[in-house]
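Observations on chain architecture
What follows is each chain in one-letter form.
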Amino acid sequence: LIPVDDVLYFQSDEKYTRVVLEDSEVLIRKPIKELLAELDPKQFWQIHRATVVNTRAIAGVVRGERDQADLRLKGRSETLT
C-alpha cells in the first residue's frame, strides 16, 4: 500500500497508471477515472486527461510552448503539461 500523501502525481501509461513518489515510482492497474473518484479533489487536481497531480507537490506554474501551462514540481526536474 502507498500512502496517498506520498504521491506526487498519477499518470496514465497505456494499461497501467504510473504512481510517482518522491524517490520512486510504481505501476498499478487502475485507470485515472477510477482513481479520481477515490481522491480528495482539494488535494488532487486533474491537469490533463492522463495526469492527476497532488497540489502539495506543485512548486509553480510556468508558460510552456504554445502558451500552455507547465507545472514545476517540488524536488523533481520534470514538468507536467
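Residues numbered from 1 in each chain as written. Predicted model: local features only at pLDDT ≥ 70, side-chain atom pairs only at ≥ 80, totals over all residues. Heavy atoms only, no water.

1. Observations concerning the sheet that holds strand β1 (residues 7-13)
- One open sheet holds the 5 strands; their spatial order is β3-β2-β1-β5-β4, and the pairing between them is antiparallel. Pairing within the sheet leaves two strands with one partner each, and these edge strands are β3 (25-28) and β4 (44-48). Going from strand to strand, the sheet's axes swing by 20 degrees on average, the running direction of each strand aside. (Pairing = 2+ DSSP bridges. Helix = DSSP H or I, 4+ residues; strand = E, 2+ residues; numbered from the N terminus. Axes fitted to C-alpha atoms, helices over the stretch in contact; angles between N-to-C directions.)

2. Comments concerning the environment of H48
- Its place among the elements puts H48 in strand β4.
- Exposure remark for H48: the relative accessible area of 40% places this residue in the partly exposed category.
- Considering only alpha carbons, one finds H48 and L80, 32 residues apart in sequence, at a separation of 9.0 Å. (Buried < 20%, exposed > 50% of the residue type's maximum accessible area, 1.4 Å probe, protein only.)

3. Regarding the side chain of D70
- By the element assignment, D70 lies in strand β7 (residues 69-73).
- Buried charge without a salt bridge: D70, with R72 as the nearest opposite-charge side chain at an N-O distance of 9.1 Å.
- Excluding its chain neighbours within four sequence positions, the residues that come into contact with D70 are G60, V61, V62, G64, T79, L80 and T81. (Lys, Arg positive; Asp, Glu negative; His and termini not counted. Salt bridge = Lys/Arg side-chain N within 4 Å of Asp/Glu carboxyl O. Contact = heavy atoms within 4.5 Å.)

4. Regarding the pattern of salt bridges
- Here the structure, examined in full by the defined rule, presents 5 salt bridges.
- In this structure, the salt-bridge partner of E25 is R18, at a minimum N-O distance of 3.0 Å.
- In this structure, E38 and K30 form a salt bridge, with 2.7 Å as the shortest nitrogen-oxygen distance.
- K30 gets classed as partly exposed once you look at its relative accessible area, which sits at 25%.

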